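So you can see what is in the structure, the chains are spelled out below.
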Amino acid sequence: QVQLVESGGGLVQAGDSLRLSCAASGGTFSSYLMGWFRQAPGKEREFVARINWSSSSRYYADSVKGRFTISRDNTKNTLYLQMNSLKPEDTAVYYCAAAFKLNGGRSSGEYDYWGQGTQVTVSS
């Protein structure tokens, strides 16, 4: 059983940056494909980014490409999401997730474990 705990959310202004972290425990972190998703009020959960176990493969949603960077440190069992040039439409609860697989990972149904989420609010 893998436990995931997100942190780093907050209230920022448009154009600011935030760095989210996701601390993993209870499993072999380096075995998991990791992803970030987000859910805004009244909307479905959507894919943001994902990274494979070795960091050799990363995918981003078109809406965040060029602004967000996903990374991981397998020695610290931690996943990160660096978010730059934030926009009001980035406002959402951000979730990290773990999938015991090598590829894919752009659909929420592929993930086995989820964190509780961290709120990101971007004011205009």
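Quick note: structure is the one above.
Because the structure is a prediction, the values reported are computed rather than measured.

Novice: Could you give an account of the pairing of strand E9 (residues 92-99), naming the residues involved and the relevant values?
Specialist: Along E9, seven of the eight residues are buried, which leaves the element largely enclosed by surrounding structure. Both E9 and strand E11 (residues 118-123) contribute to a ladder of three bridges, which runs antiparallel. Counterpart to Ala92 in the pairing with E11 is Val120. In this structure, E9 lies alongside strand E10 (residues 113-114), joined through two bridges in antiparallel fashion. Paired with Ala98 across the strands is Tyr113, a residue of E10.

Novice: Any chance you could break down unusual backbone geometry for me, citing the residues and the numbers?
Specialist: With a phi close to 55 degrees, Asn77 is a non-glycine residue in the positive phi region. In this fold, Asn77 is placed in the loop between strand E7 (68-73) and strand E8 (78-83). Here the phi dihedral of Ser85 falls at roughly 50 degrees; this positive angle occurs in a residue that is not glycine.

Novice: So what's going on with the packing of aromatic side chains? Which residues, and what values?
Specialist: Throughout the structure, instances matching the rule amount to six aromatic pairs. For the ring pair Phe37 and Phe47, a centre distance of 5.7 Å and an interplane angle of 75 degrees mean the geometry is edge-to-face. Within this pair, whereas Phe37 is found in strand E4 (residues 33-39), its partner Phe47 is found in strand E5 (residues 46-51), the two being separated by 10 residues in sequence. Residue class for Phe47 comes out buried when judged on its relative accessible area of 13%. Ring geometry for Phe37 versus Tyr111: centroids 5.2 Å apart, planes at 80 degrees, classification edge-to-face.

What counts and how
Residues numbered from 1 in each chain as written. Predicted model: local features only at pLDDT ≥ 70, side-chain atom pairs only at ≥ 80, totals over all residues. Heavy atoms only, no water. Buried < 20%, exposed > 50% of the residue type's maximum accessible area, 1.4 Å probe, protein only. Helix = DSSP H or I, 4+ residues; strand = E, 2+ residues; numbered from the N terminus. Pairing = 2+ DSSP bridges. Phe/Tyr/Trp six-rings, centres within 6.5 Å; stacked < 30°, edge-to-face > 60°.

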